[in-house]
Amino acid sequence: ARMQEKGTEVTFLQELLGKSKLYAPQGGLAIFPGQEEWRGRPVQVGERVMLIADPSVIDVTIYLPPEDAVELEPGAEVSLILHVDPLSSIEATIERASYEATLGPDGTLAYVVRARLKPDQGLPRIGLRGTAKIYAGRVTLAYYLLRKPLAFVRRSLGV
């Protein structure tokens, strides 16, 4: 009777183990948040535990402050300078930009701009940070020099 009981227990545990395996619809890198964030905390049903990223498809996410927002067209050029390699830049093109400002990761308002890296460049590692320079249409020198001072005066005077 004990052997039958233990055999049934083994079968039950094997079924539980089979249910604990997860299969992704595509291959890639499993990205987990920091391990300290999960330590001692129960997981809720439907809560995101990890992301799966394809390392061959890397997009650039740019958080553009509202005071620097200009008219951005899809296809505009972007030059990305990564913090880990400040002497070289990576080229990208804008795919889309948000129409309204949202809270960025640092808690400030920003427009979210998505850009795709140009082919035939070395792909950077996922998660790197840097500075992006966005090239928009041509403007007059007076507009370029006076845009920020005029915006400051408008904010100060409430006009």
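For clarity, every value in this text was computed on a predicted model and none was experimentally measured.

Considerations on the nonpolar core
Step number 1: If you look at the biggest cluster of nonpolar residues, it comprises 15 residues, and the most contacted ones within it are Val60, Val78, Ile94, Val113 and Leu117.
Step number 2: Of all the secondary-structure elements, those providing two or more residues to this core are strand E3 (59–64), strand E4 (77–82), strand E5 (90–97) and strand E7 (109–117).
Step number 3: Among residues more than four places away in sequence, those in contact with Leu117 are Ile58, Val60, Ile90, Glu91, Ala92, Leu123 and Pro124.

Looking at the layout of surface pockets
Step number 1: Of the volumes computed, that of the largest pocket is approximately 1,500 Å³.
Step number 2: Forming the boundary of the largest pocket are 44 residues, of which Ile62, Leu64, Ala132, Lys133 and Ile134 lie nearest the centre.
Step number 3: At the level of secondary structure, the elements contributing two or more residues to the lining of the largest pocket comprise E3, E4, E7, strand E8 (130–134) and helix H3 (141–157).
Step number 4: Of the residues forming the lining of the largest pocket, the biggest block, six residues, is contributed by E3.
Step number 5: In terms of residue class, the lining of the largest pocket is built from 26 nonpolar, six polar and 12 charged.
Step number 6: Roughly 300 Å³ of volume is contained in the second largest pocket.
Step number 7: Looking at the second largest pocket, the residues that line it are Ile31, Phe32, Pro33, Arg48, Val49, Met50, Leu51, Ile52, Ala53, Ile126 and Gly127.
Step number 8: For the lining of the second largest pocket, the leading source of residues is strand E2 (residues 51–53), giving three residues.
Step number 9: Looking at the lining of the second largest pocket residue by residue, the classes come out as nine nonpolar, one polar and one charged.

Definitions and limits used
Residues numbered from 1 in each chain as written. Predicted model: local features only at pLDDT ≥ 70, side-chain atom pairs only at ≥ 80, totals over all residues. Heavy atoms only, no water. Core = buried A, V, L, I, M, F, W, Y, C linked by side-chain atoms within 4.5 Å. Buried < 20%, exposed > 50% of the residue type's maximum accessible area, 1.4 Å probe, protein only. Helix = DSSP H or I, 4+ residues; strand = E, 2+ residues; numbered from the N terminus. Contact = heavy atoms within 4.5 Å. 1 Å grid on protein atoms, 1.4 Å probe; cavity = no way out; pocket = protein on both sides within 12 Å on 5 of 7 lines; lining within 4 Å. Points joined across faces, edges and corners; volume = space filled by probe spheres on them. Nonpolar A, V, L, I, M, F, W, Y, C, P; charged D, E, K, R; others polar.

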